[in-house]
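Structural overview
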Amino acid sequence: MKDINIKSLSAIRYFNTTDVDNPILSPEKKAILITPTTYPEIYKQLYNDLSLFITKLNDTPAKTAVNEIYNRKLIYLMKHFSQTKRGIFGGCFFNGSKLWGIGLDVVELDIDPETGITSSIDSCFYAVYFHYIRSAVLTNVSEIKKDTSLHSDLIQYMYYLLLKAIKLNIVPKQKELLLILCSYFFYRFHLGNVHKLALENTYNTINTTLKSEIKDLVNILEKYTSINDIFKAIVDFKIDNDAPAKLMMKVLSSLKITVFYSLFSTFDYFCALAVVSKYPFDDLSTGMSMSNIQSNIEKKITPYLKTVKFDVDFFKKFGK
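Read on for an overview of the structure. The model shown is predicted, which means the values in this text are computed figures rather than measured ones.

**Some words on the nonpolar core**
Ranked by internal contacts, the top residues of the largest apolar core, which has 120 residues, are Leu104, Tyr129, Phe185 and Phe264. Looking at this core, the element that brings in the most residues is helix 4 (residues 121–138), giving 13 residues. Filtering out sequence-adjacent residues up to four positions away, Leu104 remains in contact with Leu46, Ile75, Tyr76, Leu77, Met78, Phe89, Gly90, Leu109, Ile111, Cys124, Ala127 and Val128.

**Structural notes on the sheet that holds strand 2 (residues 31–34)**
Strand order in the open sheet made by the five strands is 1-2-3-5-4, with mixed pairing throughout. Lying at the two open borders of the sheet, with one neighbouring strand each, are strand 1 (4–5) and strand 4 (90–95). As paired elements, strand 1 and strand 2 share two bridges and run antiparallel to each other. Within strand 2, the residue paired with Asn5 across the bridge is Ile32. Across the sheet, helix 2 (residues 40–56) touches strand 2, strand 3 (75–80) and strand 5 (98–105), and the angle it forms with strand 3 is around 115 degrees.

**A closer look at the packing of helix 6 (residues 148–166) against helix 7 (residues 172–190)**
Interhelical geometry of helix 6 versus helix 7 gives an angle of 125 degrees and a closest axis separation of 9 Å. Regarding the angle of helix 6 to helix 7, the classification is oblique. The interaxial crossing formed by helix 6 with helix 7 has right-handed handedness. Where helix 6 abuts helix 7, its residues His151, Leu154, Ile155, Gln156, Met158, Tyr159, Leu162 and Leu163 lie against Lys175, Leu178, Leu179, Cys182, Ser183, Phe186 and Tyr187. Taken together, the residues of the contact of helix 6 with helix 7 break down into 11 nonpolar, three polar and one charged.

**What about the pairing of strand 2?**
By the bridge criterion, four bridges tie strand 2 to strand 3 in an arrangement that is antiparallel. By the bridge assignment for strand 3, Ile34 is matched with Leu77.

**Focus on the pattern of salt bridges**
Counted by the stated rule, this structure contains nine salt bridges. Close ionic contact of Glu68 with Arg72 constitutes a salt bridge, the shortest N to O distance being 2.6 Å. Taking the relative accessible area as the measure of exposure, Glu68 reaches 32% and is therefore partly exposed. By relative accessible area, which is 32% here, Arg72 ends up partly exposed. A salt bridge links Asp236 to Lys223; the nearest nitrogen and oxygen atoms lie 3.8 Å apart. Taken together, the residues Asp236 in helix 10 (residues 230–236) and Lys223 in the loop between helix 9 (218–221) and helix 10 connect sequence positions 13 residues apart. Overall, the relative accessible area of 55% leaves Lys223 in the exposed class. Linked by salt bridges that have partners in common, Asp242, Lys246 and Lys250 make up one network.

**Remarks on the pairing of strand 4**
The side chains of a regular strand alternate, residue by residue, between the two faces of the sheet. Counting buried positions along strand 4 yields five of six residues, so the element is predominantly enclosed. As paired elements, strand 4 and strand 5 share six bridges and run antiparallel to each other. What sits directly across from Phe93, in strand 5, is Gly101. Taking the residues between adjacent antiparallel strands as the criterion, strand 4 and strand 5 are bridged by two residues, where Gly96 takes a positive phi near 65 degrees.

**Looking at helix 14 (residues 291–305)**
The end-to-end C-alpha distance of helix 14, which contains 15 residues, comes to 20 Å, matching closely the 21 Å that a straight helix rising 1.5 Å per residue would cover. Within helix 14, the full set of buried residues consists of Ile293, Gln294, Ile297, Glu298, Ile301, Tyr304 and Leu305.

**With respect to unusual backbone geometry**
In terms of backbone geometry, most residues other than glycine have negative phi values and most peptide bonds are trans. A positive phi angle is found at Lys73, which is not glycine, with a value near 55 degrees. Within the secondary structure, Lys73 sits in the loop between helix 3 (61–71) and strand 3. Look at Lys238: it is not a glycine, yet its phi comes out positive at around 60 degrees. Note on placement: Lys238 falls in the loop between helix 10 and helix 11 (244–255).

**Re the environment of Ala62**
With respect to the element layout, Ala62 can be found in helix 3. The residues touching Ala62, leaving out its near neighbours within four places in the chain, are Phe125, Tyr126, Tyr129, Tyr279 and Glu298.

**Structural notes on the packing of aromatic side chains**
Within this structure, the stated rule accounts for 26 aromatic pairs. Ring geometry for Tyr47 against Tyr70: centres 5.3 Å apart, planes inclined by 40 degrees, an arrangement best described as tilted. A residue pair is termed long-range when its members are at least 10 positions apart, and Tyr47 in helix 2 and Tyr70 in helix 3 qualify at 23 residues. We note that Tyr47, like Tyr70, is buried. The interplanar angle of 25 degrees and the centroid separation of 6.1 Å between the aromatic rings of Tyr126 and Phe281 together place this pair among those described as stacked. Residue Tyr126 is found in helix 4, and its partner Phe281 is found in the loop between helix 13 (267–276) and helix 14; the two are separated by 155 residues along the sequence. Among the aromatic residues, ring-to-ring pairing joins Phe53, Phe89, Phe125, Tyr126, Tyr129, Phe130, Tyr269, Tyr279 and Phe281 into one connected group. It is Arg13 that lies over the ring of Phe94; its NZ or CZ is 5.6 Å from the centre. Here Lys73 stacks its cationic end above the ring of Tyr70, 4.6 Å away from the centre of that ring.

Cut-offs applied
- Residues numbered from 1 in each chain as written.
- Predicted model: local features only at pLDDT ≥ 70, side-chain atom pairs only at ≥ 80, totals over all residues.
- Heavy atoms only, no water.
- Core = buried A, V, L, I, M, F, W, Y, C linked by side-chain atoms within 4.5 Å.
- Buried < 20%, exposed > 50% of the residue type's maximum accessible area, 1.4 Å probe, protein only.
- Helix = DSSP H or I, 4+ residues; strand = E, 2+ residues; numbered from the N terminus.
- Contact = heavy atoms within 4.5 Å.
- Pairing = 2+ DSSP bridges.
- Axes fitted to C-alpha atoms, helices over the stretch in contact; angles between N-to-C directions.
- Parallel < 35°, antiparallel > 145°, perpendicular 65-115°, else oblique.
- Left-handed = near helix turned anticlockwise from the far one by under 90°.
- Nonpolar A, V, L, I, M, F, W, Y, C, P; charged D, E, K, R; others polar.
- Salt bridge = Lys/Arg side-chain N within 4 Å of Asp/Glu carboxyl O.
- Expected span 1.5 Å × (residues − 1).
- Phe/Tyr/Trp six-rings, centres within 6.5 Å; stacked < 30°, edge-to-face > 60°.
- Lys NZ or Arg CZ within 6 Å of the ring centre and 35° of its normal.

Okay, here's the thing in C-alpha coordinates:
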(Lines give C-alpha, C1' and ligand atoms only; values in the text may rest on other atoms or scores of the structure.)
Protein backbone atom coordinates (compact mmCIF):
# COMPACT_ATOMS: atom_id res chain seq x y z
CA MET A 1 0.00 0.00 0.00
CA LYS A 2 1.04 3.61 -0.51
CA ASP A 3 2.13 6.09 2.13
CA ILE A 4 -0.82 7.37 4.12
CA ASN A 5 -1.72 10.50 6.04
CA ILE A 6 -1.26 9.79 9.75
CA LYS A 7 -4.18 12.05 10.62
CA SER A 8 -6.53 9.64 8.83
CA LEU A 9 -5.32 6.79 11.07
CA SER A 10 -4.79 8.23 14.50
CA ALA A 11 -6.63 10.01 17.25
CA ILE A 12 -4.62 12.97 18.56
CA ARG A 13 -4.53 13.17 22.35
CA TYR A 14 -3.98 16.36 24.36
CA PHE A 15 -2.97 17.00 27.94
CA ASN A 16 -4.92 20.27 28.04
CA THR A 17 -7.75 21.26 25.70
CA THR A 18 -5.79 24.42 24.89
CA ASP A 19 -3.08 22.28 23.26
CA VAL A 20 -5.24 21.68 20.19
CA ASP A 21 -3.68 24.53 18.22
CA ASN A 22 -0.16 24.22 19.61
CA PRO A 23 2.32 24.30 16.69
CA ILE A 24 4.57 21.67 18.28
CA LEU A 25 1.89 19.07 17.47
CA SER A 26 1.82 20.00 13.79
CA PRO A 27 4.03 17.07 12.65
CA GLU A 28 1.61 14.58 14.22
CA LYS A 29 -1.28 16.15 12.33
CA LYS A 30 0.49 16.88 9.04
CA ALA A 31 2.68 13.90 8.34
CA ILE A 32 2.85 10.86 6.08
CA LEU A 33 3.43 7.37 7.41
CA ILE A 34 5.96 5.29 5.47
CA THR A 35 4.20 1.95 5.62
CA PRO A 36 6.07 -1.24 6.52
CA THR A 37 3.93 -3.29 4.14
CA THR A 38 5.13 -1.22 1.20
CA TYR A 39 8.74 -0.86 2.33
CA PRO A 40 9.62 -3.99 4.36
CA GLU A 41 13.36 -3.77 3.62
CA ILE A 42 13.53 -0.24 5.06
CA TYR A 43 11.94 -1.42 8.29
CA LYS A 44 14.14 -4.50 8.42
CA GLN A 45 17.21 -2.24 8.27
CA LEU A 46 15.89 0.11 10.95
CA TYR A 47 14.91 -2.67 13.36
CA ASN A 48 18.20 -4.50 12.85
CA ASP A 49 20.17 -1.34 13.61
CA LEU A 50 18.04 -0.61 16.67
CA SER A 51 18.49 -4.17 17.91
CA LEU A 52 22.27 -3.92 17.60
CA PHE A 53 22.28 -0.56 19.41
CA ILE A 54 20.05 -1.81 22.23
CA THR A 55 22.20 -4.88 22.88
CA LYS A 56 25.23 -2.65 23.47
CA LEU A 57 23.50 -0.49 26.08
CA ASN A 58 23.78 -0.90 29.82
CA ASP A 59 20.52 -1.50 31.66
CA THR A 60 18.69 1.79 32.19
CA PRO A 61 15.03 2.82 32.48
CA ALA A 62 15.33 4.04 28.88
CA LYS A 63 16.44 0.62 27.63
CA THR A 64 13.64 -1.14 29.51
CA ALA A 65 11.05 1.28 28.14
CA VAL A 66 12.18 1.26 24.51
CA ASN A 67 12.27 -2.55 24.53
CA GLU A 68 8.53 -2.47 25.27
CA ILE A 69 7.97 -0.61 22.00
CA TYR A 70 10.63 -2.42 20.00
CA ASN A 71 9.44 -5.92 20.95
CA ARG A 72 5.88 -5.05 19.90
CA LYS A 73 7.13 -3.66 16.55
CA LEU A 74 5.38 -0.34 17.16
CA ILE A 75 8.11 1.89 15.71
CA TYR A 76 7.20 3.54 12.40
CA LEU A 77 8.80 5.99 10.00
CA MET A 78 7.11 9.27 9.14
CA LYS A 79 7.84 12.41 7.19
CA HIS A 80 6.38 15.86 7.65
CA PHE A 81 4.73 17.45 4.62
CA SER A 82 7.12 20.42 4.73
CA GLN A 83 10.23 18.21 4.52
CA THR A 84 12.16 20.71 6.63
CA LYS A 85 13.71 20.45 10.05
CA ARG A 86 11.37 21.88 12.66
CA GLY A 87 13.00 20.86 15.93
CA ILE A 88 10.56 17.94 16.25
CA PHE A 89 11.53 14.32 15.69
CA GLY A 90 8.39 12.20 15.64
CA GLY A 91 5.13 11.50 17.42
CA CYS A 92 2.94 9.02 19.29
CA PHE A 93 -0.23 7.64 17.75
CA PHE A 94 -3.37 6.31 19.39
CA ASN A 95 -6.44 4.29 18.67
CA GLY A 96 -8.68 5.68 21.37
CA SER A 97 -6.64 5.36 24.56
CA LYS A 98 -4.32 2.66 23.21
CA LEU A 99 -0.92 3.36 21.70
CA TRP A 100 -0.53 1.79 18.26
CA GLY A 101 2.72 3.37 17.22
CA ILE A 102 5.60 5.79 17.72
CA GLY A 103 6.77 7.63 14.65
CA LEU A 104 10.33 8.66 13.86
CA ASP A 105 10.70 11.65 11.56
CA VAL A 106 13.09 10.68 8.76
CA VAL A 107 14.24 14.26 8.19
CA GLU A 108 14.84 15.15 11.83
CA LEU A 109 16.63 11.89 12.57
CA ASP A 110 18.59 11.66 9.33
CA ILE A 111 17.00 8.39 8.24
CA ASP A 112 17.30 7.58 4.54
CA PRO A 113 13.68 6.99 3.45
CA GLU A 114 14.90 4.76 0.63
CA THR A 115 17.06 2.41 2.71
CA GLY A 116 16.22 2.91 6.39
CA ILE A 117 19.89 3.59 7.13
CA THR A 118 20.64 6.35 9.62
CA SER A 119 23.78 7.93 10.99
CA SER A 120 21.90 8.63 14.23
CA ILE A 121 20.57 5.32 15.51
CA ASP A 122 21.21 6.55 19.07
CA SER A 123 18.93 9.53 18.41
CA CYS A 124 16.27 7.19 17.01
CA PHE A 125 16.43 5.15 20.22
CA TYR A 126 16.04 8.18 22.49
CA ALA A 127 13.33 9.66 20.27
CA VAL A 128 11.30 6.47 20.86
CA TYR A 129 11.77 6.89 24.62
CA PHE A 130 10.79 10.57 24.38
CA HIS A 131 7.48 9.85 22.66
CA TYR A 132 6.77 6.81 24.82
CA ILE A 133 6.97 9.13 27.85
CA ARG A 134 4.61 11.50 26.10
CA SER A 135 2.17 8.65 25.51
CA ALA A 136 2.27 7.73 29.22
CA VAL A 137 1.53 11.34 30.18
CA LEU A 138 -1.27 11.66 27.64
CA THR A 139 -3.01 8.51 28.85
CA ASN A 140 -2.73 9.39 32.55
CA VAL A 141 -3.81 13.03 32.57
CA SER A 142 -6.04 13.02 35.65
CA GLU A 143 -3.53 11.06 37.76
CA ILE A 144 -0.59 13.23 36.72
CA LYS A 145 -2.49 16.44 37.47
CA LYS A 146 -2.73 15.22 41.08
CA ASP A 147 0.92 14.13 41.36
CA THR A 148 2.26 17.01 43.47
CA SER A 149 5.63 15.32 44.03
CA LEU A 150 6.21 15.15 40.27
CA HIS A 151 5.08 18.77 39.92
CA SER A 152 7.63 19.93 42.48
CA ASP A 153 10.53 18.26 40.65
CA LEU A 154 9.39 19.59 37.27
CA ILE A 155 9.23 23.14 38.63
CA GLN A 156 12.78 22.79 39.96
CA TYR A 157 13.94 21.45 36.61
CA MET A 158 12.32 24.36 34.77
CA TYR A 159 13.91 26.81 37.20
CA TYR A 160 17.44 25.42 36.87
CA LEU A 161 17.18 25.23 33.09
CA LEU A 162 16.07 28.87 32.83
CA LEU A 163 18.68 30.00 35.33
CA LYS A 164 21.35 28.36 33.20
CA ALA A 165 19.95 29.70 29.92
CA ILE A 166 19.54 33.32 31.06
CA LYS A 167 23.11 33.28 32.43
CA LEU A 168 22.50 35.99 34.99
CA ASN A 169 24.62 36.78 37.99
CA ILE A 170 21.55 37.47 40.07
CA VAL A 171 21.17 37.87 43.82
CA PRO A 172 19.32 35.28 45.96
CA LYS A 173 16.12 37.31 46.03
CA GLN A 174 16.00 37.42 42.24
CA LYS A 175 16.51 33.67 42.13
CA GLU A 176 13.57 33.23 44.47
CA LEU A 177 11.47 35.46 42.25
CA LEU A 178 12.45 33.37 39.21
CA LEU A 179 11.41 30.22 41.08
CA ILE A 180 8.07 31.86 41.88
CA LEU A 181 7.52 32.62 38.20
CA CYS A 182 8.48 29.09 37.17
CA SER A 183 6.01 27.71 39.69
CA TYR A 184 3.18 30.01 38.61
CA PHE A 185 3.70 29.48 34.88
CA PHE A 186 4.00 25.74 35.40
CA TYR A 187 0.70 25.51 37.27
CA ARG A 188 -1.18 27.88 35.03
CA PHE A 189 0.02 26.93 31.57
CA HIS A 190 1.51 23.45 31.84
CA LEU A 191 -1.10 22.03 34.22
CA GLY A 192 -3.90 24.26 32.95
CA ASN A 193 -4.90 25.86 36.28
CA VAL A 194 -6.88 29.11 36.30
CA HIS A 195 -5.01 32.14 37.65
CA LYS A 196 -6.39 31.94 41.18
CA LEU A 197 -5.55 28.26 41.59
CA ALA A 198 -2.12 28.65 39.98
CA LEU A 199 -1.36 31.44 42.44
CA GLU A 200 -2.63 29.40 45.38
CA ASN A 201 -0.47 26.42 44.38
CA THR A 202 2.52 28.72 43.94
CA TYR A 203 2.07 30.21 47.40
CA ASN A 204 2.16 26.70 48.82
CA THR A 205 5.63 26.16 47.39
CA ILE A 206 7.45 29.49 47.83
CA ASN A 207 9.34 31.33 50.55
CA THR A 208 6.49 32.91 52.54
CA THR A 209 8.61 35.95 53.47
CA LEU A 210 8.36 37.09 49.86
CA LYS A 211 4.59 36.81 49.76
CA SER A 212 4.00 40.30 51.14
CA GLU A 213 6.79 41.81 49.02
CA ILE A 214 5.28 40.64 45.74
CA LYS A 215 1.70 41.48 46.69
CA ASP A 216 1.46 44.23 44.08
CA LEU A 217 3.33 42.27 41.44
CA VAL A 218 1.09 39.18 41.52
CA ASN A 219 -1.78 41.20 40.12
CA ILE A 220 0.23 41.47 36.91
CA LEU A 221 0.33 37.69 36.48
CA GLU A 222 -3.32 37.39 35.57
CA LYS A 223 -2.85 39.42 32.38
CA TYR A 224 -0.48 36.87 30.83
CA THR A 225 -2.07 34.61 28.23
CA SER A 226 0.59 32.04 27.30
CA ILE A 227 3.61 30.31 28.76
CA ASN A 228 5.90 32.40 26.55
CA ASP A 229 4.80 35.43 28.57
CA ILE A 230 7.22 34.24 31.25
CA PHE A 231 9.79 36.45 29.52
CA LYS A 232 7.55 39.48 30.08
CA ALA A 233 7.16 38.40 33.70
CA ILE A 234 10.92 38.11 34.19
CA VAL A 235 11.23 41.74 33.11
CA ASP A 236 8.16 42.89 35.08
CA PHE A 237 9.58 41.29 38.24
CA LYS A 238 12.91 43.04 37.56
CA ILE A 239 14.87 39.83 37.35
CA ASP A 240 16.34 40.92 34.02
CA ASN A 241 16.40 44.28 32.22
CA ASP A 242 16.39 43.06 28.62
CA ALA A 243 13.32 43.50 26.44
CA PRO A 244 11.14 40.34 26.64
CA ALA A 245 11.71 39.52 22.95
CA LYS A 246 15.47 39.85 23.33
CA LEU A 247 15.41 37.73 26.48
CA MET A 248 13.40 35.04 24.71
CA MET A 249 15.90 34.95 21.85
CA LYS A 250 18.75 34.65 24.34
CA VAL A 251 17.10 31.60 25.92
CA LEU A 252 16.26 30.14 22.50
CA SER A 253 19.86 30.55 21.39
CA SER A 254 21.16 28.96 24.58
CA LEU A 255 18.77 26.00 24.71
CA LYS A 256 18.43 25.42 20.94
CA ILE A 257 15.12 24.96 19.19
CA THR A 258 14.06 21.43 20.21
CA VAL A 259 14.66 22.02 23.91
CA PHE A 260 13.05 25.47 23.77
CA TYR A 261 9.93 24.10 22.05
CA SER A 262 9.69 21.21 24.50
CA LEU A 263 10.07 23.48 27.52
CA PHE A 264 7.55 26.08 26.38
CA SER A 265 4.86 24.08 24.61
CA THR A 266 2.80 21.24 26.08
CA PHE A 267 3.11 19.41 29.38
CA ASP A 268 3.76 16.04 27.74
CA TYR A 269 6.69 17.45 25.76
CA PHE A 270 8.02 19.11 28.90
CA CYS A 271 7.93 15.85 30.89
CA ALA A 272 9.67 13.96 28.11
CA LEU A 273 12.34 16.67 27.87
CA ALA A 274 12.99 16.59 31.62
CA VAL A 275 13.72 12.86 31.50
CA VAL A 276 15.34 12.18 28.14
CA SER A 277 17.74 15.14 28.23
CA LYS A 278 19.69 13.35 30.96
CA TYR A 279 20.77 10.81 28.33
CA PRO A 280 23.33 11.33 25.50
CA PHE A 281 20.77 12.55 22.96
CA ASP A 282 22.31 15.36 20.88
CA ASP A 283 18.96 16.97 20.04
CA LEU A 284 18.29 17.53 23.76
CA SER A 285 21.82 18.01 25.07
CA THR A 286 21.19 21.62 26.15
CA GLY A 287 18.28 20.40 28.27
CA MET A 288 20.63 18.72 30.72
CA SER A 289 20.31 20.46 34.07
CA MET A 290 20.63 18.65 37.39
CA SER A 291 20.80 14.90 36.79
CA ASN A 292 19.57 14.04 40.30
CA ILE A 293 16.35 15.99 39.76
CA GLN A 294 15.96 14.48 36.30
CA SER A 295 16.50 10.98 37.70
CA ASN A 296 13.83 11.66 40.32
CA ILE A 297 11.43 12.75 37.58
CA GLU A 298 12.21 9.59 35.62
CA LYS A 299 11.48 7.42 38.68
CA LYS A 300 8.11 9.13 39.07
CA ILE A 301 7.25 8.83 35.37
CA THR A 302 8.22 5.14 35.06
CA PRO A 303 5.09 3.79 36.83
CA TYR A 304 2.94 5.67 34.33
CA LEU A 305 4.81 4.00 31.45
CA LYS A 306 3.76 0.65 32.85
CA THR A 307 0.08 1.59 32.54
CA VAL A 308 0.19 2.31 28.79
CA LYS A 309 -2.04 -0.04 26.83
CA PHE A 310 -1.09 -1.09 23.31
CA ASP A 311 -3.02 -1.89 20.17
CA VAL A 312 -0.52 -4.12 18.37
CA ASP A 313 -3.02 -5.19 15.71
CA PHE A 314 -4.30 -1.74 14.79
CA PHE A 315 -2.07 -1.19 11.76
CA LYS A 316 -2.34 -4.72 10.37
CA LYS A 317 -5.76 -4.12 8.83
CA PHE A 318 -4.29 -1.32 6.71
CA GLY A 319 -1.70 -3.67 5.24
CA LYS A 320 -4.18 -6.11 3.75
